[in-house]
Amino acid sequence: MLKAVEVRHLSKSFKTKVKKSGLKESFKSLFHPVYKEIKAVQDINFSVEKGEVLAFIGPNGAGKSTTIKMMTGILYPSEGEVSVLGMTPWQSRKKLSYKIGSVFGQKSQMWFHLPPEDSFELMADIYELDKTDYKKRLKELVKRFQLEEIMHQPVRKLSLGQRIRCEIAVSLIHNPEILFLDEPTIGLDVVVKNQIRDLIKDLNKKNDLTVFLTSHDVGDIEKLCRRVIVIDRGRLILHSTINELKHEYLKTKILSLKLEEEYTPNLEGVEILKKKGTGLKIEVDMTKCSMQKIIDDIIKNTTIVDMTISDTPMEEIIKTIYTGS
Amino acid sequence: MLMKKIKKYMTVFKISFVNDMMYSRNFIGQFLFFGLFLFVYSFLWRTVFKEGEIEGFDFVKMMWYFMFTESIMLAKYSFHREMSQDIKTGDIAYHLNKPYSYMLFMYSKYLSSSLMKMVMNLLFGSLILFLALQNTPLNPLNTVLGIISSIMGLTINFVFFFLIGLSALWFEENTAFQFIYSKFLFTIGGLFIPIEFFPEWLKKISDILPFKYVLNAPAKVYINGLEEFLKVFPVQILNVFIWGGLIMMLFKAGTKRLNINGG
Amino acid sequence: MRKLLKLTWRYFKFNLSAQMEYRANFLIQTFGMVLNDIFLLFFWWILFGKVGMINDYGMNDMILVYSVVTISFGISQVFFGNLFNMSQIIMNGELDSYLLLPQEELSHILVSRISLGALGDLIFGLVLFFFTEYASFPGFLILIIVSILASFVFTGFNIIFQSLTFYIGNSTSVASVIPDSILTFSLNPHSIFTGIVRIILFTVIPSMYFSFIPISIIKEFNLLNFIYLAVAAAIFMGLGILAFKKGLKKYESGNLIVKRM
């Protein structure tokens, strides 16, 4: 497999000025500033394969944005190496910029008072596209992102979801090989979130676009990625495939039952989560008690009217990982 | 290839122009101020020039002089506030991974915005003065040369605004610099009163400093034409290169030490 | 009246101590205004250096004009710091919070904020006065009295325009030109204005009560001029209060269509 991105021992620390209040202190700090070092990213290693969708997941302030900024050449790292398409981002920033697209959710690339069309045109010139190439590409993107109706409305009148669609579309105007998305689904409602996820998936499949995104929404990785990287307080705390993750952490299953008569099982590895009349919700630790055993136990005593077996939600797994770290 | 590089900045210029048109109703307030100043100063200068010319200025020239300096002064697009904010929040970084030069990008935006405002001010001011005085030192050549010199004046001003914006890298609070700079334009830039009226020693200082080339020099080109233009235009160019080169170096050094906060 | 003075004092202390938390900012704003005034005087210094006199005005007269105008403006802005925000307050519906309180509304709005820059103006004007030939104890007393009266003219006049918002909706842009127009006219030798403009400056735009009449009283006490000034202060303050009260009735009866962005 070809690597699109390689990150080795990447670290970044910020210095922030420590300033006490008061005029005298202000003057003091002008000449003898006191700094405090904050380690935003510490010794991170990973790689992204060509044609892969990979997500960085973690709570706010975990170092996700800092990492993506170093990968796109916006920030200089304190230590470590990054290679994106064979280039070091902060050294060949301009050259690399023709080959990557980026969307930073909180920083719009659109001109607020103008319709999106104008921003597209500007970006086409900034990336030095030919007129015919641009027209063709624009037509494609407008169709794929369903922008026909909003192309001529001032950006300030668009909804957040519509704007994000424009932002992603405009970042693809120069046909980049890798797309970097920083929190693309932040603040969106469930329906629009899914819409954006489908779009990303589609772009990846049909155009073989490599996508690297950050998110604090576990739903994003579940829907989009084969692999998952969890970051917390500047460190990688998990790096595995979704399947491995499920296998390793999904040792328990949730059993929701509707019984004919009231019954409380009493087996090792079975925990009662909720019990209300004939309704029963239990968590089964599969290493201690097999499915066969618990079901046998129940039907020996009563009849099962209805039953659902579910995995522990991804959200819960990640939470366990955070607290474990 | 070069054409394409130039074209991107021209598109920034164009887009920014259209974007600003959306705010055009904000001109009304500005015109009210401009009109008021012209009105009040017409009384002052009529009295002062009762006895005749002073330093080559008469009543009509003086009114037009003030209209020209004020049309530039009120046109300057204060992007340095936005830039300081961008530096403090780290948002400036988002400009750095695009294939354009941040400085040229800002310049295109600034010039587009400022030029539009300046032309509006000129049209408004000229109309008022022409109706009131029925006399103008303007002719087609002077107008063209005056506008060229004004663009250079705006460019020198851009360099200083950029420097003020950039100072946010080192100073958390840079409004004092803005304030002092604008006061320099006010006084030794010759906004209200031409440099020619200054005492000799102050005139010499003003000639060396760049401030008079933002306001005083272009206004005099409008009035005196080619002769004045040949005198000041080379100095304006020189100022742009010297100060421009300096901020370019500072900007390069500054971006290296950009500290960007992010999650 | 005593209640109002007490309230003013309380707000003054409150505002000042709140601003003291940001001492650097406080100093920058105050000193900034002093510098600003000095730079304005620069213009006159150059001009008088060139022409000597403009009609009967010389540099000394101009210094006295600046002293009186900055003190009057300073008094108005220090004690009635919300004056220039009234239109906004009415527009944004912030007025409601004042209506709920058991204080007279207009004075409460006016005194609830102090402008720091204006403190600089006040200091500048007072210091400047000691450089004039009229700096004596009686002179100083007269200066303070006429400045207070002049500040009432200025305040009343601005209240009228700020209250326009009650009648015509958003008048912020008109209201913001008003203080500048009075100041611009005041900070010039008064005798340059002749004919109809001179009459306007005594009536519709009362700049003459803001500079010319106060300085002629300081130069040579004249009871008639003093009465003019006192009457003008009473009239403009009265008109301002009337405009506000009438407007407030309209506001309370809900006829006001508040345009909000």
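Turning our attention to the overall build of chain B. Broken down by element type, chain B carries 11 helices and 0 strands. Counted from the first residue to the last, chain B has its helices and strands arranged as α-α-α-α-α-α-α-α-α-α-α. Relative to the compact-globule value of 18 Å for 263 residues, chain B shows a C-alpha radius of gyration of 19 Å, a close match. Taken along its principal axes, the extent of the C-alpha atoms in chain B is 70 × 40 × 35 Å. Per-residue burial over chain B gives 42% buried out of 263 residues. The contacts of chain B with a sequence gap of at least 6 include a subset with a gap of at least 24, amounting to 80%.

Let's shift gears to the overall build of chain C. Helix and strand content of chain C: 12 helices and 0 strands. Helices and strands in chain C line up, N terminus first, as α-α-α-α-α-α-α-α-α-α-α-α. The C-alpha atoms of chain C give a radius of gyration of 19 Å, which matches the 18 Å a tight globule of 261 residues would have. A principal-axis box enclosing the C-alpha atoms of chain C has dimensions of 60 × 45 × 35 Å. Among the 261 residues that make up chain C, the fraction classed as buried is 38%. Summarising the internal contacts of chain C: among those between residues at least 6 apart in sequence, 79% fall at separations of at least 24.

All names here are of chain C. On average, residues of chain C carry a pLDDT of 84, and 92% of them reach 70 or more. Here helix H1 (residues 2-20) is the element of chain C with the lowest mean pLDDT, 74, and helix H3 (residues 59-79) is the one with the highest, 92. Between residues 255-261, whose pLDDT stays under 50, and residues either more than four places distant or in other chains, the model counts 9 contacts.

To continue, consider the sheet that holds strand E11 (residues 270-276) of chain A. Residue and element names in this part refer to chain A. What the 4 strands build is an open sheet, ordered E11-E12-E10-E13; its pairing is antiparallel. With one partner strand each, in any of the chains shown, E11 and strand E13 (304-311) form the two edges of the open sheet. Between one strand axis and the next, the sheet turns through 20° on average, direction left out of account. When strand E10 (residues 252-259) meets strand E12 (residues 279-285), the two strands line up antiparallel, connected through 7 bridges. Paired with Leu257 across the strands is Leu280, a residue of E12.

As a further point, take the interface of chain B and chain A. How big an interface is tends to be expressed through the accessible area that disappears when the partners come together. Across the boundary between the two partners, chain B contributes 23 residues, which contact 32 residues of chain A. If you list the elements that add at least two residues to the side of chain B that touches chain A, you get helix H1 (2-21) and helix H5 (93-96) of chain B.

Here the focus is the environment of Asp37 of chain C. Residues and elements named next belong to chain C. Relative to the assigned elements, Asp37 resides in helix H2 (residues 23-51). Residues Asp37 and Gln88 lie 51 residues apart in sequence; the distance between their C-alpha atoms is 27 Å. Those residues in contact with Asp37, other than ones at most four positions away along the chain, are Tyr66, Thr70, Asp121 and Phe124.

A word on unusual backbone geometry. Residue and element names in this part refer to chain A. Not every positive phi belongs to a glycine, and Asp43 is a case in point at roughly 50°. Within the element layout of this structure, Asp43 appears in strand E2 (residues 34-49). Residue Asp43 is classed as partly exposed on the basis of its C-beta count, with 14 C-beta atoms lying within 10 Å. Here Leu85, not a glycine, exhibits a phi torsion of approximately 50°, which is positive.

Turning to the nonpolar core, a few remarks are in order. Ala55, Val228 and Ile229 of chain A together with Val153 of chain C are the most contacted members of the largest nonpolar core, which totals 192 residues. Among the nonpolar cores identified, the runner-up in size contains 7 residues, and Leu280, Ile282, Ile294 and Ile298 of chain A belong to it.

Every contact between the two is made by 22 residues of chain C and, on the other side, 22 residues of chain B. Counting residues per element, the ones that place at least two in the side of chain C that touches chain B are H2 and helix H9 (172-186) of chain C. Taken together, the residues of the side of chain C that touches chain B break down into 13 nonpolar, 7 polar and 2 charged.

Between its first and last C-alpha, helix H3 (residues 59-73) of chain B extends 21 Å over 15 residues, near the 21 Å set by a 1.5 Å rise per residue. Most of H3 of chain B is tucked away, with 13 of its 15 residues classed as buried.

The subject of this paragraph is the sheet that holds strand E9 (residues 235-241) of chain A. All names here are of chain A. If you walk across this open sheet you meet the 6 strands as E5-E6-E7-E3-E8-E9, and the pairing is mixed. Of all strands in the sheet, those with a lone pairing partner are strand E5 (100-104) and E9, marking the two edges. Direction aside, the axes of adjacent strands within the sheet are offset by 15° on average. Relative to E9, strand E8 (residues 227-232) runs antiparallel, the two being bridged by 6 bridges. When the sheet's bridge partners are listed, Ile229 is paired in E9 with His239. Contacts from helix H6 (residues 160-171) reach E5 and strand E6 (178-182) within the one sheet, and its direction differs from that of E5 by about 160°.

With that settled, consider the packing of helix H4 (residues 79-89) of chain B against helix H7 (residues 140-166) of chain B. Residue and element names in this part refer to chain B. Axis separation between H4 and H7 bottoms out at 8 Å; the angle between their running directions is 25°. In terms of their interaxial angle, H4 and H7 are classed as roughly parallel. Seen from above, H4 lies across H7 with right-handed handedness. Across from Phe79, His80, Met83, Ser84 and Ile87 in H4, the residues of H7 making contact are Phe161, Ile164 and Gly165. Taken together, the residues of the contact of H4 with H7 break down into 5 nonpolar, 3 polar and no charged.

In this structure, Gln30 of chain B sits in helix H2 (residues 27-48). Taking the C-alpha atoms as reference points, Gln30 of chain B and Glu172 of chain B, separated by 142 residues in sequence, lie 30 Å from one another.

Residues and elements named next belong to chain A. Here strand E7 (residues 210-215) lies mainly inside the structure; 6 of its 6 residues are buried. Along E7, one buried face is formed by Thr210, Phe212 and Thr214 and the opposite face, lined by Val211, Leu213 and Ser215, is buried too. As paired elements, strand E3 (residues 53-57) and E7 share 5 bridges and run parallel to each other. Across the sheet, Ala55 pairs through a bridge with Leu213, a residue of E7.

The rules we used
- Residues numbered from 1 in each chain as written.
- Chains lettered and ligands numbered in written order.
- Predicted model: local features only at pLDDT ≥ 70, side-chain atom pairs only at ≥ 80, totals over all residues.
- Helix = DSSP H or I, 4+ residues; strand = E, 2+ residues; numbered from the N terminus.
- Rg over C-alpha atoms; globule rule 2.2 N^0.38 Å.
- Buried ≥ 20, exposed ≤ 12 C-beta atoms within 10 Å, placed from the backbone.
- Contact = placed C-beta atoms within 7 Å.
- pLDDT = per-residue confidence, 0-100.
- Pairing = 2+ DSSP bridges.
- Axes fitted to C-alpha atoms, helices over the stretch in contact; angles between N-to-C directions.
- Core = buried A, V, L, I, M, F, W, Y, C linked by C-beta atoms within 7 Å.
- Nonpolar A, V, L, I, M, F, W, Y, C, P; charged D, E, K, R; others polar.
- Expected span 1.5 Å × (residues − 1).
- Parallel < 35°, antiparallel > 145°, perpendicular 65-115°, else oblique.
- Left-handed = near helix turned anticlockwise from the far one by under 90°.

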